[in-house]
Amino acid sequence: MIVTLERLRIFVAVAERQHVTAAARDLNLTQSAVSNAVAALEAEHGIRLFDRVGRSVELNEMGRVFLPEARAVLSRAAAAEAVLADMGALRRGRVSVFASQTIAGYWLPPRLVRFHRDHPNVDLQVQIGNTQVAAQAVLDGVAEIGLVEGAVEEAALLQARVGTDRLAVMVAPDHPWAGRRRLSASDLVSSPWVLREPGSGTRSTLEEALGEAGVEPGDLQVAMSLPSNEAVLGAAEAGGGATALSESVARAALAAGRLVVAPFVLRERPFRLLRHADRYRSRAGEAFARSVSIPL
C-alpha cells in the first residue's frame, strides 16, 4: 500500500474545506476524482477519515490525528522540490518570507517589486504576523526568512540589520498633549493608551524606550490592545488615547491632521532579517536577503 502525495494533497484540501466540491474546485479536479481519491485512501488502509453528514464531510477522530501528519509530509515534499529547483540557478525557485505588520505594509512592498523584477521566475510566498509570530515561523522552518522590527532573543536565529524606522507618540488633535511643547517620561502615565498587542515589535520597542526613560511599561493606562496598525490608528483617531506607531504607518493620518505628534522623542529602531542558523539556505533566499539589504 502506497500513500501518494496526490492523495495526501486531496485529503488535506477536503479536510481544510470540509467540502468535496470546494476542494475539487480549488484543486482544479473533478468532484469524482476527489471523492475517489479519498475513498481509495480510506479503503486501502481500512479506516474512515471523514464522517459524511448530508452533503458535507467532517473529519472524524482518525482524520484529525492524520491531518498534521499529512501536512508535514506535504511540507517536506515542497522543501525537497525547492532544493531541486534551486539547482537551476534561479531559473526557478521559491522563497518563503514571514514579515511583521509594519514591515509588510509599508517597507517591504517596493522591495518585493524590485526582487520580482530581477528574478521573475522565483515564487515569493509572504505571510504576515507580529514579530513574535514571524520569529517562531523561522524557528519552526515555516519560513526561510523573517523580517521584524522588534527585538528577538533567540540563539538559533541569525540577525542582520536591513533598515530603520522611527516610532512617534501620537494623539488626536483634541488630546491634552496636542498643545504641549514638551512631555516628560512621567507624563506618559497620565493618559489612556491604544497599543498593538504584546509580542508585536511596535509594542516591545515602546516598552523598551519607556524602561530606558525610567517608566515601568506596566504603569501605562492601556485602554486597548489591538492586533493591527490600522485598528490602532482608527482607535487613536477616534480619541481612544495616545498611541505609538511607526511614522510610516501614520503618514496619511498626520498629513490630514487626524493625528498629531506629541513632543516625546523615541529613538530609531532597526529592521532585522532573521535566518535560522542551522537550516538549509536556498539560492532564492540568499538572493532575496541581498536584495532587501540594498537601499532603494
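Keep in mind it's a predicted model, so treat the numbers as computed, not measured.

Asks: Would you mind going over the environment of Val162 with me for this structure?
Replies: With respect to the secondary-structure elements, Val162 resides in strand 6 (residues 157-171). Given a relative accessible area of 11%, Val162 falls into the buried group. Beyond its immediate sequence surroundings of up to four residues, Val162 is in contact with Trp107, Leu147, Phe271, Arg272, Leu273, Val292 and Ser293.

Asks: I would appreciate a short explanation of empty space enclosed by the protein in the present structure.
Replies: A probe matching the size of a water molecule, rolled over the atoms, marks out where space remains unfilled. In the structure shown here, the tally under the stated rule is one cavity of 30 Å³ or more. Within this model, the largest cavity holds a volume of roughly 30 Å³. The set of elements that each furnish at least two residues to the lining of the largest cavity consists of helix 8 (201-212) and strand 10 (260-276).

Asks: Just checking my understanding: could you explain the nonpolar core for this structure?
Replies: General note: in soluble globular proteins, nonpolar side chains tend to be found buried as a group. Ile10, Phe11, Val14 and Phe50 are the most contacted members of the largest nonpolar core, which has 21 residues in total. Contributing elements (two or more residues each) for this core: helix 1 (5-17), helix 2 (20-27), helix 3 (31-45), strand 2 (56-59) and helix 4 (61-86). Sorting elements by how many residues they give to this core places helix 1 first, with seven residues. Residue contacts for Phe11: discarding those within four places in its chain leaves Leu41, Leu49, Phe50, Leu59, Gly63, Phe66, Leu67 and Ala70. By size, the runner-up hydrophobic cluster in this structure holds 20 residues, among which are Leu90, Val95, Leu108 and Ala287.

Asks: Explanation requested: the pattern of salt bridges in the structure shown.
Replies: Pairing between side chains of opposite charge can happen when their charged atoms approach one another. One pass over the structure, following the stated rule, counts 21 salt bridges. The salt bridge partner of Asp26 is Arg25, with a shortest N-O separation of 3.9 Å. Overall, the relative accessible area of 45% leaves Asp26 in the partly exposed class. A salt bridge links Glu237 to Arg258; the nearest nitrogen and oxygen atoms lie 3.2 Å apart. Remark: Arg258 occurs in the loop between helix 10 (251-255) and strand 10 and Glu237 occurs in helix 9 (residues 229-237); sequence separation between them is 21 residues. The exposure class assigned to Glu237 is partly exposed, which follows from its relative accessible area of 27%. Overall, Arg258 belongs to the partly exposed group, its relative accessible area being 39%.

Conventions we followed
- Residues numbered from 1 in each chain as written.
- Predicted model: local features only at pLDDT ≥ 70, side-chain atom pairs only at ≥ 80, totals over all residues.
- Heavy atoms only, no water.
- Helix = DSSP H or I, 4+ residues; strand = E, 2+ residues; numbered from the N terminus.
- Buried < 20%, exposed > 50% of the residue type's maximum accessible area, 1.4 Å probe, protein only.
- Contact = heavy atoms within 4.5 Å.
- 1 Å grid on protein atoms, 1.4 Å probe; cavity = no way out; pocket = protein on both sides within 12 Å on 5 of 7 lines; lining within 4 Å.
- Points joined across faces, edges and corners; volume = space filled by probe spheres on them.
- Core = buried A, V, L, I, M, F, W, Y, C linked by side-chain atoms within 4.5 Å.
- Salt bridge = Lys/Arg side-chain N within 4 Å of Asp/Glu carboxyl O.

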